[in-house]
Amino acid sequence: MLDDGLQYQLLNLLSSSPKISQRAMAASLGLSLGKINYALKALMEKGLVKAEEFCNSKNKRAYSYILTPKGMEEKANITLRYFRRKMKEYEELQKELAELEKEVNRLAAQESSK
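Predicted model, so just to flag it, every value in this text is computed and none were measured. (Residues numbered from 1 in each chain as written. Predicted model: local features only at pLDDT ≥ 70, side-chain atom pairs only at ≥ 80, totals over all residues. Heavy atoms only, no water.)

### As for the pattern of salt bridges
Link 1 in the chain: Tallying each qualifying case throughout the model produces seven salt bridges.
Link 2 in the chain: Of the charged contacts in the structure, one is a salt bridge between Lys-50 and Glu-52, with a shortest N-O distance of 3.5 Å.
Link 3 in the chain: Residue Lys-50 is classed as partly exposed on the basis of its relative accessible area, which comes to 41%.
Link 4 in the chain: As a salt-bridge pair, Glu-99 and Lys-102 come within 3.6 Å of each other at their nearest N and O atoms. (Salt bridge = Lys/Arg side-chain N within 4 Å of Asp/Glu carboxyl O. Buried < 20%, exposed > 50% of the residue type's maximum accessible area, 1.4 Å probe, protein only.)

Rendered as structure tokens:
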């Protein structure tokens, strides 16, 4: 099972660069080639992505990874979930930073009064 973060990254990458190689995907996302292969197979099994064979400029077989209509819909859903999760993390971080700032100001006031 793929987490939303990885699905989001892959679907986003594939929607903008369908002819990208698995090796380039791995380098772009900082993942192993095996992890990319596993993730692509999982996306294909779910019907979110289909692979189409083509000949690249070096006359080698290559694949184009196309988002299916179901894949486009899932990308939109994942994007929304990913955005909401990141906004929640951002808001929590803002609260934590505000508390830290209060603590630093308190400590600075104590030091200056000595």
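### What to know about the environment of Ile-36
Link 1 in the chain: Along the chain, the position of Ile-36 falls in helix H3 (residues 33-45).
Link 2 in the chain: Note on Ile-36: relative accessible area 0%, which makes it buried.
Link 3 in the chain: Excluding anything up to four places from it in sequence, Ile-36 contacts Leu-10, Gln-22, Met-25, Ala-26, Leu-29 and Leu-31. (Helix = DSSP H or I, 4+ residues; strand = E, 2+ residues; numbered from the N terminus. Contact = heavy atoms within 4.5 Å.)

### Structural notes on the packing of aromatic side chains
Link 1 in the chain: All told, the structure shown has two aromatic pairs when counted by the stated rule.
Link 2 in the chain: Ring centres of Tyr-8 and Tyr-82 lie 4.4 Å apart, and the angle between their planes is 20°; on these two criteria the pair is classed as stacked. Of this pair, Tyr-8 sits in helix H1 (residues 4-16) while Tyr-82 sits in helix H4 (residues 69-112), placing them 74 residues apart in sequence.
Link 3 in the chain: Given the relative accessible area of 21%, Tyr-8 is considered partly exposed.
Link 4 in the chain: Summarising the aromatic geometry, the rings of Tyr-63 and Tyr-65 are spaced 6.5 Å apart at their centres and angled 35° between planes, so their arrangement reads as tilted.
Link 5 in the chain: Judged by its relative accessible area of 37%, Tyr-63 falls in the partly exposed class.
Link 6 in the chain: Taking the relative accessible area as the measure of exposure, Tyr-65 reaches 4% and is therefore buried. (Phe/Tyr/Trp six-rings, centres within 6.5 Å; stacked < 30°, edge-to-face > 60°.)

### Here we look at the layout of surface pockets
Link 1 in the chain: If you add up the space inside the largest pocket, you get close to 250 Å³.
Link 2 in the chain: Lining the largest pocket are 12 residues; nearest its centre among them are Ser-21, Gln-22, Arg-23, Arg-61 and Ala-62.
Link 3 in the chain: Residue assignment for the lining of the largest pocket shows that the elements contributing at least two residues are helix H2 (22-29) and strand S2 (61-67).
Link 4 in the chain: The greatest single-element share of the lining of the largest pocket, amounting to four residues, is contributed by S2. (1 Å grid on protein atoms, 1.4 Å probe; cavity = no way out; pocket = protein on both sides within 12 Å on 5 of 7 lines; lining within 4 Å. Points joined across faces, edges and corners; volume = space filled by probe spheres on them.)

### Points about H3
Link 1 in the chain: The end-to-end C-alpha distance of H3, which contains 13 residues, comes to 18 Å, matching closely the 18 Å that a straight helix rising 1.5 Å per residue would cover.
Link 2 in the chain: Of all the residues in H3, the buried ones are Ile-36, Ala-39, Leu-40, Ala-42 and Leu-43. Projected onto a plane normal to the axis of H3, the buried residues spread over an arc of 160° and lie on a single side.
Link 3 in the chain: Looking at the packing, one finds that the buried side of H3 touches H1, H2, strand S1 (49-55) and S2. (Expected span 1.5 Å × (residues − 1). Arc of directions from axis to C-beta.)

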